[in-house]
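Understanding the architecture of this molecule
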Amino acid sequence: SMRTLGSAAICFSHLRLPCLSNRQQQRLRDPNFIPIRTTSTKQMAEMPAKLNKPFRPELEQYCRIEPAWSLKELEEVESMLKMKGTLDVARAKCKDKEGNFTGPFSASAANAKGDHTGSSMFGSWLRDNCIIAYGLFATDPDGQGCEDSKACINSIAKFMLTHESSRIELVLGGKKNVTGSDSQTWMDRPHIRFIGETGLEDTKWYNHKQNDALGYFLWTRCQLALADKLPLSGDHLKLLGQLFDYLRYIECWADHDAGHWEEHSAVHASSLGPCLAAVKAFKALMKKTGFLAPCKDDTLDVLEAELTKCLMEILPAEVITPAENAKDADSALVFLCYPLQVVDETMGLKIMDRLKICMGEIAMARYRKDSYWCKNYKEQVGDDPTKHFTDEELKERDAMLKEGEEAQWCLFDPIVSAYYGKLYQKSGKQEYLKLQQLFLSRALAAITGDDCEFGPWMCCEAYYLHNDKWVPNDNTPLVWTQIDVKMALHEMKKSLGRKGGPMKRPASAMS
C-alpha cells in the first residue's frame, strides 16, 4: 500500500513534548488554539472510516479527526489549495473555435498529460454539470461562481430545447417506445451527454436512459430560480413542464434506467431521489411565482406520490428490482442526503450506516463488486478505459473483479462531510462535527502527490490498483470531485462559524 500510517498515528504524532518549535509555541499562545486530546484505540475503532496519511505532506497537520479545525486553519487550507490550483474548474470549461466559454464543463479538466481530447471524458454530462453548477452557485452566490453556474445551466437548457424537446414529443405522442430492454432505443431518450464545445448531440451510441440526470437538471434550474439568480423564461418554463410530463409518461418510479453509473438496468433509488427533489423544488417555485405548471394538471402530484412511495420501499438500499441487480449499498445515495436533502435525518443516517461497507483506506467504492477500474483495468479492457458497456458486456467485465479490488472513488467523502456538516449546523451535536472533519480530512488526504503521472495537487476521480499499488485513474482531475471538495469546505466554514462554534473542551479532558 502507498500509505501505511493510520489515523491513530496522525493524532498521536502531535504530542511530541517537551521540545516545542516556534510554530507550536505560537499556536499555544493563540487564544483560539485547542490543545489536542489523545484518542484511544477504542475511539478510533468506532469511527466509520479510516484516516490515513495524506499523499501531500503539506496537508498532514490538517488531516486529523480532532481537535476541531479553527477558522484560521480552514483559511490556510483554502489558501494552499487556491495557490496550487487544486479546485480550479476553469481548466475544464468548454470553449468554441474562437476560445470562448460555451457554458458547460467537460467531465475531466486538463492535466499534465493533456485535456482528455478524444476520450469520452471530454464530453459534457448533464449530471456532472448540474452538480458543478449547483456547487459553483452555492459556494459563490454573488460572484463569478454564480455567473458560471448560470452559463452552464443556460447551455444545457439550450441544448435540450434545440435537440431533445423533439425526442420527448415523440415519446409523449406514442411514436417512440423507450421503456423496453432493447438497447437501440436508449438513443431515443433525451440525451444526457453532449458536445460542450458546439452544443451539438454526440451521435455515437450511448446509454441515455438516465433519469437521475434529468432530475438533477430540473432541480438545479429550480434552485437558481428560487434564489432569484436565474428567473424562469417562457421557454425554460415550457421545457421543465415537458420534462416532468416525460418522467410521468415513462413512469420513472418503475423505470429500469442505468442510474448514476450508467450500468445495470434497474430501479435505482439514486435516480428516484433527484426526480423527487426536482418535483418538490418546482412546486415551491410555482407557489413563489404564481405561475401555472405547463404540464398535465396532475403530473406533479402523481410524480411526487409515486416517487415517494417507491423511494421509501427501496431505501436505504439502492436497488431491489430486479433481484439479480440488487444493491444494499451504493455511494450514489450520498447525494440524496446532500445537496438534494430529499431524505429526512433518520433515513440519511441509515444511508450513512449502510455505506460503511463502501468505505476504503483512501476513498469509497461506488458499490461492492464494482468492476469499473478494477485491478489492472486498462490492461484488461483495452485502449479505451472509458468504453461504454451494454448489460451483456457488463457481465463479462464483472467477471474480471476480485473481492476487495474495487476502485476507490474520491467524489463521495467530501459530500459525506458536507452532510454531517448540515446535521451539525442544525443540532450542534459534536459527534457530527467530528464526522464532518473526518470525511473532509479523507478528501484532502486523497489529493495527488508528486508521484502522480497526471500532476500533483489534483482531485482524482478514483484510485485503482495497478499491479499492487493504488494510483489515480486516467480521469484526473475530475471536476465533479473538485466541486464536491469545494462544497465540503464551504460547509465546514459554516460549521466553524456557527453561533457558539465548536464546543470548547474542559481542561480535565485535555493533555
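Above this note sits the structure.
Anyway, here's the lowdown on the structure attached to this text. (Residues numbered from 1 in each chain as written. Predicted model: local features only at pLDDT ≥ 70, side-chain atom pairs only at ≥ 80, totals over all residues. Heavy atoms only, no water.)

This next bit is on the overall build of the protein chain. Along the backbone of the protein chain there are 17 helices and 8 strands. In the protein chain, which comprises 511 residues, the proportion classed as buried is 57%. Once local pairs closer than 6 in sequence are excluded, the contacts in the protein chain between residues at least 24 apart make up 72%. (Helix = DSSP H or I, 4+ residues; strand = E, 2+ residues; numbered from the N terminus. Buried < 20%, exposed > 50% of the residue type's maximum accessible area, 1.4 Å probe, protein only. Contact = heavy atoms within 4.5 Å.)

The omega torsion across Leu315 and Pro316 is 5 degrees, close enough to zero to call that bond cis. Mapped onto the fold, Pro316 is located in the loop between α10 (299-314) and α11 (334-337). Of the consecutive residues Thr321 and Pro322, the connecting peptide bond is found in the cis state with omega at -5 degrees. Here Pro322 shows up in the loop between α10 and α11. Even without being a glycine, Asp228 presents a positive backbone phi close to 60 degrees. In this fold, Asp228 is placed in the loop between α7 (211-226) and α8 (234-249). One non-glycine residue, Glu262, lies in the positive phi region at around 55 degrees. Along the chain, Glu262 falls in the loop between α8 and α9 (269-289). With a relative accessible area of 10%, Glu262 lands in the buried category.

As a further point, take the sheet that holds strand β6 (residues 408-409). Sheet architecture is open: 3 strands sit in the order β6-β7-β8, paired in antiparallel fashion. Since the sheet does not close on itself, it has two edges, and those belong to β6 and β8 (469-472), each with one partner. Of the pairings in the sheet, the one linking β6 to strand β7 (residues 462-466) comprises 2 bridges and is antiparallel in character. Looking across to β7, one finds that Gln408 is bridged to Tyr463. (Pairing = 2+ DSSP bridges.)

On to the pattern of salt bridges. Applying the stated criterion to the full structure yields 35 salt bridges. Across the pair Glu66 and Lys434 runs a salt bridge, and its minimum N-O distance is 3.9 Å. With Glu66 in the loop between α3 (41-46) and α4 (71-84) and Lys434 in helix α16 (residues 430-445), this residue pair connects regions lying 368 residues apart in the sequence. Taking the shortest distance from any N to any O, the salt bridge between Lys176 and Asp188 comes out at 4.0 Å. Of this pair, Lys176 sits in the loop between α6 (144-172) and β4 (193-195) while Asp188 sits in the loop between α6 and β4, and the two are 12 residues apart along the sequence. Taking the relative accessible area as the measure of exposure, Lys176 reaches 35% and is therefore partly exposed. Connected through salt bridges with shared partners, the residues Glu263, Arg366, Asp370 and Arg397 form a single ionic network. (Salt bridge = Lys/Arg side-chain N within 4 Å of Asp/Glu carboxyl O.)

Another aspect to go through is the pairing of β7. Taken across its 5 residues, β7 has 4 buried, putting it largely inside the fold. As judged from the 4 bridges shared by β7 and β8, these two strands associate in the antiparallel manner. Within the sheet, the bridge partner assigned to Tyr463 lies in β8 and is Pro472. In this antiparallel pair of consecutive strands, β7 and β8, the connection spans 2 residues, and Asn467 shows a positive phi of 60 degrees.

On to the sheet that holds β4. Picture the strands of a sheet paired through backbone hydrogen bonds; they go either parallel or antiparallel. Across the sheet, which stays open at both edges, the 3 strands sit in the order β3-β4-β5 with antiparallel pairing between neighbours. The strands lining the two open edges of the sheet, one partner per strand, are β3 (124-125) and β5 (200-201).

Look at α7: 22 Å from first C-alpha to last across 16 residues, which is about the 22 Å you get at 1.5 Å a residue. Counted residue by residue, α7 has 15 buried out of 16 residues, so it is predominantly covered. One or two residues past the end of α7 sits Asp228, with phi positive at roughly 60 degrees. (Expected span 1.5 Å × (residues − 1).)

All right, on to the packing of aromatic side chains then. For the structure shown, the criterion picks out 22 aromatic pairs. With a centroid separation of 4.7 Å and 50 degrees between ring planes, the pair formed by Tyr134 and Trp219 is classed as tilted. With Tyr134 in helix α5 (residues 126-139) and Trp219 in helix α7, the pair connects residues that are 85 residues apart, well separated along the chain. When its relative accessible area of 5% is taken as the criterion, Trp219 is described as buried. Counting every residue linked through ring pairs, the aromatic cluster contains Trp261, Phe335, Tyr372, Trp373, Tyr377, Trp409, Phe412, Tyr464 and Trp480. When the ring centre of Tyr206 is taken as reference, the NZ or CZ atom of Arg193 above it lies at 4.1 Å. (Phe/Tyr/Trp six-rings, centres within 6.5 Å; stacked < 30°, edge-to-face > 60°. Lys NZ or Arg CZ within 6 Å of the ring centre and 35° of its normal.)

Note on placement: Asn475 falls in the loop between β8 and α17 (479-496). On the accessibility criterion, Asn475 (2% relative accessible area) is buried. Among the polar contacts made by the side chain of Asn475, one reaches the side chain of Glu461 at a distance of 2.6 Å. (Polar contact = N/O pair within 3.5 Å; in protein donor to acceptor, adjacent residues only side chain to side chain.)

Turning our attention to the pairing of strand β2 (residues 101-105). Examined bridge by bridge, strand β1 (residues 93-95) and β2 share 2 bridges and lie antiparallel to one another. Residue Lys93 lies in a different strand from β2, and its bridge partner there is Phe105. Hairpin connection from β1 to β2: 5 residues lie between these consecutive antiparallel strands, with Gly99 at a positive phi of about 85 degrees.

Let us look at α17. In a regular helix each residue adds 1.5 Å, so 18 residues correspond to 26 Å; α17 covers 26 Å between its end C-alpha atoms and thus fits that length. Among the 18 residues that make up α17, 14 are buried, leaving the element largely enclosed by the rest of the structure.

Read these as layout, nothing more, since geometry by itself doesn't imply function.
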